[in-house]
Amino acid sequence: MTELRVVDVVEEHLDAVWEVRIRSFGPGGDRDEWKKNALTFMDGRFIGVVDGEQLVAAARIWPFEQWWGGRRVPMGGVAGVVVSPEYRGRGVGSLMMRAVLQRCADKGYPLTALYPATTVLYRHLGYEFAGNRYKFSFQAADLRSLGGKGTAVRKAGRDDADLFLELTGKNHEARRSSGPLIWPRTEVESWLGEEDNFAYVADDGFVVYNWSDGDLAVDELMAGSEETARALWATVGSGSSIAKSVQAYCPPFDPIHLLAEHEADGDTRINRWMLRLIDAPAAIATRGFPDGVVLEADLRIDDPDLTANTGDWRLSVANGSGTLTPAEASDDALRVGPRGLAALYAGTPVAALRGAGLITGGAAATDSGLDAVFGGPTPYMLDYF
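A.B. asks: Hey, could you run me through the overall build of the protein chain in this one?
C.D. replies: Secondary structure summary: the protein chain contains 13 helices and 19 strands in total. Taking 2.2 N^0.38 as the reference for a compact globule, 385 residues should give roughly 21 Å; the C-alpha atoms of the protein chain span a radius of gyration of 22 Å, in line with that estimate. Each of the three principal axes of the protein chain carries a C-alpha extent, and together these read 60 × 55 × 35 Å. For the protein chain, the proportion of its 385 residues judged to be buried stands at 50%. The contacts in the protein chain between residues at least 6 apart in sequence include a share of 72% that link residues at least 24 apart. Just so you have it, the protein chain exposes about 17100 Å², and 48% of that area is on carbon and sulfur atoms.

Structure below.
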């Protein structure tokens, strides 16, 4: 190694990034399409590491928003993290990811999330598991019988992108969802324009699904009422003469689990994702909290990689909103690092965090209050990025 430097990836680096990507993930995908997509990240959201002039690692940041407690929080989705095999174990990944954290801060993302290929690197940098992506399998004939024939359903396409985003917002606000992503409008348009995707919309919901190895696969189904849920699931199930199963990405508490006569297949697929707070006060201020729950608690945060988070803070929650403000040091402060803070934000019970040593100190009476304000529907994602 000569001199390792963090750089912004530019178009001239893309062939090198592609080579490292192949060596990291194996062959796959269309190179020209990948390059076309990669160019859209060259506004400071594509970071690499070079050894001299040779690019040896890279990562991209998606400009997402994410639902937390039924409110939108800007989130930098870290993806395409690759390190050339001969540079692994030499601190290259840590160097790059620290730059990614700082870039997320510069871009104004209070949160960052990722799907880890390994937990060791990311936990070392303050990420912790926050939720899952669930894939369930239902009997197609079971869905076909759900009814909903009185609900009007029409085909949808690219021009419905704004409507889909509007319906998604209404439903996630009503459900106080935590975890699902809000994709940029251009990505939603592209999704709806793919000829292999079948999109249908009703007054208060929509579904997007496709064929997958002889079965049907639901990317997303959002319904604001029972009748719409029945109509949309039945639309998917109408393919039961060909497809025996429907694979569906949905949360474990989705109404379909109560509507379908037969339970989902026991072989449920789960992908875990990790979260990190970039700007702790902003993350608290933009997150939703349960109405009617009031809490005042002292926190002492120690964040070695994002020192703006480090210090003594007062957490205040009331009327569905929260604040984190600088405070005087307190002997009763709950002590937490970035991993514990991320897991707490995602609703992990305080007892579990204490059992793992991720939270210490604090008044015992505060624990139940923290569970009450951060708890709620299980965080989940529908999308892999």
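A.B. asks: What's the story with the pairing of strand 11 (residues 215–223) in this structure? I'm lost.
C.D. replies: The two faces of the sheet receive side chains in turn, since in a regular strand these alternate between them. Among the nine residues of strand 11, seven are classified as buried, and the element is accordingly described as predominantly covered. Direction of pairing for strand 10 (residues 205–212) relative to strand 11: antiparallel, over a ladder of eight bridges. Bridge assignment links W211 to a residue of strand 11, and that residue is L216. Following strand 10, the chain reverses through two residues before pairing antiparallel with strand 11; D213 in that reversal takes a positive phi of roughly 50 degrees. Bridge count for strand 11 against strand 12 (residues 245–249) is three bridges, and the pairing is parallel. Following the sheet pairing, L216 is matched in strand 12 by V246. Handedness of the strand 11-helix 8 (residues 226–237)-strand 12 crossover: right-handed.

A.B. asks: Where do I start with the nonpolar core in this structure?
C.D. replies: Soluble, globular proteins show a tendency: their nonpolar side chains are buried together. Ranked by internal contacts, the top residues of the largest apolar core, which has 57 residues, are F46, L111, L275, L277, L315, Y345 and F374. Not counting residues within four places of it along the chain, the set of residues in contact with F46 comprises V7, D8, V9, L14, V17, W34, A38, F41, A58, A59 and R60.

A.B. asks: What is the right way to read the pattern of salt bridges from this model?
C.D. replies: Pairing of side chains with opposite charge becomes possible as their charged atoms draw close. Under the counting rule described, the total for this entry stands at 21 salt bridges. Two residues, E166 and K170, come together in a salt bridge whose shortest N-O distance is 3.2 Å. Here the residue E166 and the residue K170 both occupy positions in helix 6 (residues 161–175), the gap between them amounting to four residues, near one helical turn. Here E166 falls in the partly exposed class, since its relative accessible area comes to 42%. A cluster of three or more residues bridged by salt bridges with shared partners is formed by R158, D162, R185 and E189.

A.B. asks: Can you help me understand the sheet that holds strand 17 (residues 334–336) in this one?
C.D. replies: In sheet architecture, strand pairing relies on hydrogen bonds along the backbone and comes in two forms, parallel and antiparallel. Pairing within the open sheet is mixed, and its five strands lie in the order 16-15-14-17-18. In this open sheet, the two strands that pair with only one neighbour each are strand 16 (321–326) and strand 18 (359–361). Across the sheet, the mean angle from the axis of one strand to that of its neighbour is 30 degrees, orientation sign disregarded. Bridge analysis of strand 14 (residues 295–301) against strand 17 gives three bridges, and the strand direction is parallel. Within strand 17, the residue paired with R300 across the bridge is R335. Sheet contacts for helix 13 (residues 364–374): strand 14, strand 15 (311–318) and strand 17; angle to strand 14, the most-contacted strand, approximately 100 degrees.

A.B. asks: Is there a simple way to explain helix 6 in this structure?
C.D. replies: For the α-helix, the turn length of 3.6 residues means that residues three or four positions removed from each other point alike. With 15 residues, helix 6 ought to run about 21 Å at 1.5 Å a step, and its terminal C-alpha atoms sit 21 Å apart, in line with that. Taken as a whole, helix 6 has its buried residues at A161, F164, L167, T168, G169, N171 and H172. The first or second residue beyond helix 6 is R176, which carries a positive phi of 55 degrees.

A.B. asks: Any chance you could explain the packing of helix 1 (residues 14–25) against helix 2 (residues 31–39) here in plain terms?
C.D. replies: Between two packed helices, both the angle of their axes relative to each other and the distance between the axes serve to describe the pair. Relative orientation of the contacting elements helix 1 and helix 2 amounts to 120 degrees, with a least axis distance of 11 Å. Between helix 1 and helix 2, the crossing angle belongs to the class labelled oblique. As helix 1 packs across helix 2, the resulting crossing turns out to be right-handed. Of the residues in helix 2, those in contact with L14, D15, V17, W18 and R21 of helix 1 are R31, W34, K35, A38 and L39. Of the residues that constitute the contact of helix 1 with helix 2, the class distribution is six nonpolar, no polar and four charged.

A.B. asks: I keep staring at helix 13 and nothing clicks. Help me out?
C.D. replies: When helix 13 is considered as a whole, its buried residues turn out to be T366, D367, G369, L370, V373 and F374. Two residues or fewer past helix 13, G376 is found with a positive phi of approximately 145 degrees.

A.B. asks: Explain the side chain of N197 to me, please; I cannot follow it from the model alone.
C.D. replies: Along the polypeptide, N197 turns up in the loop between helix 7 (185–193) and strand 9 (198–202). The exposure class assigned to N197 is buried, which follows from its relative accessible area of 10%. One polar contact links N197 to N210, side chain to side chain, over a distance of 3.1 Å. Not counting residues up to four positions away in its chain, the partners in contact with N197 are W191, V208, Y209, N210 and D219.

A.B. asks: Which parts of the structure should I look at to understand the packing of helix 6 against helix 7?
C.D. replies: Viewed as axis vectors pointing N to C, helix 6 and helix 7 meet at an angle of 110 degrees, and their least axial separation amounts to 9 Å. Relative to helix 7, helix 6 is oriented roughly perpendicular. Pair helix 6 / helix 7 crosses with right-handed handedness. In this structure, helix 6 contributes A161, D162, F164 and L165 to the contact, and helix 7 contributes R185, V188, E189, W191 and L192.

A.B. asks: For this particular structure, what's the right way to read the environment of R90?
C.D. replies: As for its position among the elements, R90 is in the loop between strand 4 (71–83) and helix 3 (92–106). A residue is classified by how much of its surface remains accessible, and R90, at 46% relative accessible area, is partly exposed.

The rules behind these values
- Residues numbered from 1 in each chain as written.
- Predicted model: local features only at pLDDT ≥ 70, side-chain atom pairs only at ≥ 80, totals over all residues.
- Heavy atoms only, no water.
- Helix = DSSP H or I, 4+ residues; strand = E, 2+ residues; numbered from the N terminus.
- Rg over C-alpha atoms; globule rule 2.2 N^0.38 Å.
- Buried < 20%, exposed > 50% of the residue type's maximum accessible area, 1.4 Å probe, protein only.
- Contact = heavy atoms within 4.5 Å.
- Areas by Shrake-Rupley, 256 points an atom, 1.4 Å probe, with all protein chains shown as cover.
- Pairing = 2+ DSSP bridges.
- Right-handed = clockwise from strand over helix to strand, strands pointing away.
- Core = buried A, V, L, I, M, F, W, Y, C linked by side-chain atoms within 4.5 Å.
- Salt bridge = Lys/Arg side-chain N within 4 Å of Asp/Glu carboxyl O.
- Axes fitted to C-alpha atoms, helices over the stretch in contact; angles between N-to-C directions.
- Expected span 1.5 Å × (residues − 1).
- Parallel < 35°, antiparallel > 145°, perpendicular 65-115°, else oblique.
- Left-handed = near helix turned anticlockwise from the far one by under 90°.
- Nonpolar A, V, L, I, M, F, W, Y, C, P; charged D, E, K, R; others polar.
- Polar contact = N/O pair within 3.5 Å; in protein donor to acceptor, adjacent residues only side chain to side chain.

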